[in-house]
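One letter stands for each residue in the lines below.
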Amino acid sequence: MENIPKQHVGKSLDYNRQIICTSEDEAIGKFKQITKDLLNVNDWKSLAHGISGEFKILNSDGAVVERGLVENDFIRIDIPGPGMPSAEGYDWVQVSKLIEEQDVGYEKLLLTIHPIPSPLNNLNDVAHFFKEYASSSFLIERRMNQISLHYAGRNEEINIENSKLLDNVRNIVVGLMAKLGASYPQWKAIIDGL
């Protein structure tokens, strides 16, 4: 899958769904709605029925914004369970890639996010239970009347390199739960909700 980060270390996670529409016009309309919903991160919790983290888009000034996601936006995540002590209880990621392509009979949107330090404090520690080179990618493609949705988690290694012991203990607990499959229902619920 072109433009999705390669798997080098740690765990990977993939989930796919396919939608076959009765016409290309129907598929075009569904693709537009799916990509709009994907970029509307502030509503992911309602999209993912059941237990879900809460996601909020923050701009470069650290303010919550009510709009679709753009490249370099920050996403503040309030996961179910213990939060990151040094980051006011949140995990943080940033949009590192947002690619849209269109051709005759084909459309694509690729969104990739990576863990980062909290943009709201002066710490350099990554404010996430996975290391900074982990990634989550969403690939939505339409070919004629068929739409494919793909989630790809790559290079998922537990982040135990923070300067604060409580952060590392929390990351071990949450990271192990994620590696044992606790994150799968979250990403499956978002893809299914789309």
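Our subject in this report is the structure included herewith. Everything numeric here is computed off the predicted structure, so don't read it as measured data. (Residues numbered from 1 in each chain as written. Predicted model: local features only at pLDDT ≥ 70, side-chain atom pairs only at ≥ 80, totals over all residues. Heavy atoms only, no water.)

**Section: the sheet that holds strand E2 (residues 54–58)**
With antiparallel pairing, the seven strands of this open sheet are ordered in space as E1-E7-E6-E5-E4-E3-E2. Two strands bound the open sheet, and with one partner strand each, they are strand E1 (11–20) and E2. Within this sheet the neighbouring strands show an average axis-to-axis angle of 20°, counted without direction. When strand E6 (residues 135–143) meets strand E7 (residues 146–156), the two strands line up antiparallel, connected through nine bridges. Across the sheet, residue Arg143 finds its bridge partner in E7, namely Gln146. On the sheet, helix H4 (residues 184–193) packs against E1, E2, E6 and E7 and is oriented at approximately 20° with respect to E1. (Pairing = 2+ DSSP bridges. Helix = DSSP H or I, 4+ residues; strand = E, 2+ residues; numbered from the N terminus. Axes fitted to C-alpha atoms, helices over the stretch in contact; angles between N-to-C directions. Contact = heavy atoms within 4.5 Å.)

**Comments concerning helix H1 (residues 24–39)**
The end-to-end C-alpha distance of H1 is 22 Å, a good match for the 22 Å that 16 residues give at a rise of 1.5 Å each. All buried positions along H1 are accounted for by Ala27, Phe31, Ile34, Thr35, Leu38 and Leu39. The arc enclosing the buried residues of H1, seen along the axis, measures out at 125°, which places them on a common side. The exposed residues of H1 that point more than 90 degrees off its buried face are Asp25, Lys32 and Lys36. (Expected span 1.5 Å × (residues − 1). Buried < 20%, exposed > 50% of the residue type's maximum accessible area, 1.4 Å probe, protein only. Arc of directions from axis to C-beta.)

**Things to note about the nonpolar core**
Core analysis: the biggest nonpolar cluster contains 40 residues, and Trp44, Ile75, Leu111, Phe138 and Ile190 have the highest contact counts within it. Each residue touching Trp44, except ones within four places of it in the same chain, is listed here: Asp37, Leu38, Phe55, Leu111, Phe138, Trp187 and Ile190. With seven residues, the next largest nonpolar core counts Met84, Ala87, Ile116 and Ala127 among its residues. (Core = buried A, V, L, I, M, F, W, Y, C linked by side-chain atoms within 4.5 Å.)

**What about the pattern of salt bridges?**
Applying the stated criterion across every chain, the model contains 12 salt bridges. The residue Glu54 makes a salt bridge to Lys56 at a minimum N-O spacing of 3.8 Å. What makes Glu54 partly exposed here is its relative accessible area of 34%. On the basis of relative accessible area, Lys56 is assigned to the buried category, the value being 17%. Arg67 is the salt-bridge partner of Asp73, the closest N and O atoms lying 2.7 Å from each other. Taking the relative accessible area as the measure of exposure, Asp73 reaches 4% and is therefore buried. Owing to a relative accessible area of 31%, Arg67 belongs among the partly exposed residues under this scheme. Among the ionic contacts, a cluster of salt bridges with common partners joins Arg17, Lys188 and Asp192. (Salt bridge = Lys/Arg side-chain N within 4 Å of Asp/Glu carboxyl O.)

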